[in-house]
Amino acid sequence: MDRYRVCEDLEALDMERGRLYETITVTWDESMKGNAAPIGVLCTGKRSVTLYLYHGTHTLQNILETGRFTANITLDPLLFTESALADLDDEMFSQHQDYLYLKGADAFFTAEVESVREVVKRDRFRESPVSIVRAGVREVMKGDGFRIALNRGIYAVIESLIEYTRAEISDPVKVMERVREMNRVARKVGGSQEKEAMKRIIEELESKVNHRKSPGQ
């Protein structure tokens, strides 16, 4: 634990209220058998977060069993991939007090469940039962190599800008379709800056589409 220092709250990790961050959430059963999975964590305050968990997962099962979890922040794409595709080996976890966390995490915070509410989530593809888990942050641990907590909003903006630069040499209508999909992501997980950026990109693209459709062009 020498590489980590205790911080006051989530602001130390540059996490802002209303933004969803991509983490590897670590949970465990009563025997302290660890499980890790990529989970988006919604920051709802300096010391509070919310998780939306689909039923039938080890993450939800363990949280209901123990009432605790850690959200681990990393930029390592292999850790995200390995935790999504298979169970991590026991040696990938370390213990801090009564919590498990992921070895090599740039930062992590411990959390205790305050409430669980069951809802049915409807999206473009299906309806699914989802548990809304609200939790209080207990301890924030920041590593020496910490850089940033991943938020997909900024990446949606960057991808949209790349698409925008291609509008002159490709079909702007198809470009608009891809940008609108990125806009859906930014509106879901991003903050006010990402949403404003996407608005401006879409306005400019709409101008290009309308220009292409104008008579005589």
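See the structure shown above.
Below: a short report on this structure. (Residues numbered from 1 in each chain as written. Predicted model: local features only at pLDDT ≥ 70, side-chain atom pairs only at ≥ 80, totals over all residues. Heavy atoms only, no water.)

1. Considering helix α2 (residues 77-85)
Under the convention used in this document: The cut-offs for exposure are 20% and 50% of the maximum accessible area for each residue type, with area from a 1.4 Å probe on protein chains only; residues under the lower value are buried, those over the upper are exposed, and the others partly exposed. Think of it this way: any DSSP run of H or I at least four residues long counts as a helix, any run of E at least two long counts as a strand, and we number them from the N terminus. The directions from the helix axis to the C-beta atoms are what the arc is built from. Note on contacts: a residue pair is in contact if any heavy atoms of the two residues lie within 4.5 Å. Identification of polar contacts relies on pairs of N or O atoms within 3.5 Å, with a donor-acceptor requirement for protein atoms, meaning one able to donate a hydrogen and the other able to accept it, and with residues adjacent in sequence counted only if both atoms are side-chain atoms.
Looking at α2, one finds that the buried residues are L79, F80 and S83. Down the axis of α2, the buried side of the element spans an arc of 100°, and every buried residue falls inside it. Of the exposed residues in α2, those oriented more than 90 degrees away from the buried face are P77, L78 and L85. Packing partners of the buried residues in α2 comprise β2 (20-28), β3 (34-45) and β7 (99-102). The backbone nitrogen of L78 has a side-chain oxygen 2.9 Å away, supplied by the residue at the start of α2, namely D76.

2. Topic: the pairing of β7
Working note: regular strand, side chains alternate between the two faces of the sheet. In plain terms, the rule: A pair of strands counts as paired when DSSP detects no fewer than two bridges linking them.
Neither face of β7 is open: one carries Y99 and Y101, the other L100 and L102, and all of them are buried. In the sheet, strand β6 (residues 93-96) pairs with β7 via four bridges, with the strands oriented antiparallel. Looking at β7, one finds that F93 is bridged to L102.

3. A look at unusual backbone geometry
The phi angle at D14 is positive, at roughly 60°, despite the residue not being glycine. You can see D14 is positioned in the loop between β1 (4-7) and β2. Assessed through its relative accessible area of 52%, D14 is described here as exposed. The phi dihedral of M32 is positive, around 65°, even though this residue is not glycine. If you trace the backbone, M32 turns up in the loop between β2 and β3.

4. Brief notes about the environment of V113
Tracing the sequence through the fold places V113 in strand β8 (residues 107-122). In this structure, the C-alpha to C-alpha distance between V113 and D90, residues 23 residues apart in sequence, is 24 Å. Not counting the four nearest positions on each side in its chain, V113 is found in contact with I63, G67, R68, F69, V133, R134 and A135.

5. Looking at the nonpolar core
As a rule of thumb, soluble globular proteins bury nonpolar side chains together. Selection rule: Think of a nonpolar core as a cluster: buried Ala, Val, Leu, Ile, Met, Phe, Trp, Tyr and Cys residues, connected wherever their side-chain atoms sit within 4.5 Å.
Ranked by internal contacts, the top residues of the largest apolar core, which has 26 residues, are L10, L13, M15, V49, L51 and F109. At the level of secondary structure, the elements contributing two or more residues to this core comprise β3, β4 (48-54), α1 (58-66), β5 (68-73), β8 and β9 (127-143). Ignoring anything within four residues of it in the chain, the contact list for F109 reads L10, L13, M15, V41, V49, F69, T70, A71, V137, E139 and V140. Core analysis: the next-biggest nonpolar cluster, separate from the first, contains 17 residues, Y4, F93, Y101 and L150 among them.

6. Observations regarding α1
Taken residue by residue, α1 has T59, L60, N62 and I63 as its buried positions. All buried residues of α1 fall inside an arc of 165° around its axis, so they share one side. Looking at the packing, one finds that the buried side of α1 touches β2, β3, β4, β5, β8 and β9. Taken from the residues just after α1, G67 is the one with a positive phi, measuring 75°.

7. What to know about the pattern of salt bridges
For clarity, the threshold we go by: When a carboxyl oxygen of Asp or Glu is within 4 Å of a side-chain nitrogen of Lys or Arg, the pair counts as a salt bridge.
Scanning all chains against the criterion turns up 11 salt bridges. With a shortest N-O distance of 4.0 Å, K46 and E11 are connected by a salt bridge. With K46 in the loop between β3 and β4 and E11 in the loop between β1 and β2, the pair connects residues that are 35 residues apart, well separated along the chain. Relative accessible area serves as the criterion here: at 45%, E11 is assigned to the partly exposed category.

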